[in-house]
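Descriptive structure summary
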Amino acid sequence: DDQIERERASQHLPGGCCALAAVYLMGKFYVANAGDSRAIIIRNGEIIPMSREFTPETERQRLQFLAFLRPELLGKEFTHLEFPRRIQPKELGKKMLYRDQNMNGWAYKKIEEDDLKFPLVYGEGKKARMMATIGVTRGLGDHDLKVFSSNIHIKPFLSCFPEVRVYDLTLYEHCPDDVLVLGTDGLWDVTNDKEVAGVVMEVLTSYEPNDPCRYTMVAQELVVRSRGVLKERGWRLANDKLGSGDDISVFVIPLGGPGNYT
């Protein structure tokens, strides 16, 4: 993240990205995630999550806590408190549900002038946005990113620190059909873990266990199915729902090792 900032200053390169990395070291997989990509292990048909998405919803309390400690980061436009909906001026003095950085549940408070500001976290699901700007809360770069038509920087809330999960390969006997799947949000927006595992099993069983191409074909099939087919009403999946409109990158990595293929 520091290097991206230096390049931004020296080479005028703006922008940023999420990051999902898998490192194999001394019999263990270390999976680090900063953003909204996802990694799962499929072992003997079982799905083992190896990451979680970092979004304004999943990291609400971290964002609120930072805003509580440093309210100057919000300018005069945002409040760190969360409400079930946007508050209207006519509701001043009335009671409404809210929650702050210390709360999982909700409580009532009397609406004050400051509560009329735009919430730090707004929207639900894929539409949730931090400061009405960005839908992820961890990533690299974006040092120049600001709230639209303001001088409020997003970067203090956009953490570059990943969550790391460890999987010990030495604890299990892995067969050629056991894999680690890494995918960007373009895959997971339209496909859940169970559906991905189904495609993995379907494609792998159509190839010989010692055919190295089988893993590339799984990745290709996951991309193709998530994009869908171009029809009159846009890109559509097999169930006629909208295909992914985001970029889709997929890696499928065998866990068994060469010794298991012979």
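Each chain carries its own residue numbering, running from 1 in the written order of its sequence. Side-chain atom pairs in this predicted model are given and counted only at pLDDT of 80 or more, local residue features only at pLDDT of at least 70, and totals for whole chains, interfaces and linings cover all residues. Side-chain figures throughout are based on the complete set of non-hydrogen atoms in the structure, without hydrogens or water.

Per an unreviewed UniProt entry, the chain is named PPM1J phosphatase, and its organism is Todus mexicanus.

Okay, the sheet that holds strand 3 (residues 28-34) next. Here a strand pair is declared whenever DSSP counts at least two bridges between the two strands. In DSSP terms, a helix is any run of H or I states spanning at least four residues, a strand is any run of E spanning at least two, and both are numbered starting from the N terminus. Across the sheet, which stays open at both edges, the three strands sit in the order 2-3-13 with antiparallel pairing between neighbours. Two strands in the sheet have a free side with no partner beyond their single neighbour: strand 2 (19-25) and strand 13 (163-168). Going from strand to strand, the sheet's axes swing by 15 degrees on average, the running direction of each strand aside. Bridge analysis of strand 2 against strand 3 gives seven bridges, and the strand direction is antiparallel. From the neighbouring strand, Ala22 faces strand 3, where its bridge partner is Val31. Note on geometry: axes are lines fitted to C-alpha atoms, helical ones only across the stretch in contact, with angles between N-to-C directions running from 0 to 180 degrees.

Let us look at the side chain of Gln101. Inspection of the secondary structure puts Gln101 in the loop between strand 7 (95-98) and strand 8 (107-110). Residue burial is assigned from relative accessible area. The probe radius is 1.4 Å, only protein chains are included, and a residue is buried under 20% of its type maximum, exposed over 50%, and partly exposed in between. Residue classification places Gln101 among the buried positions, given a relative accessible area of 8%.

Let us look at helix 5 (residues 213-227). Expected span of a helix: the number of residues minus one, times 1.5 Å. Over its 15 residues, helix 5 runs 21 Å from end to end, which matches the ideal 21 Å to within 8%, given 1.5 Å per residue. Those residues of helix 5 that are buried are in contact with strand 14 (179-183), helix 3 (185-188), helix 4 (193-204) and strand 17 (250-254). Any pair of residues with heavy atoms lying within 4.5 Å of one another is described as a contacting pair.

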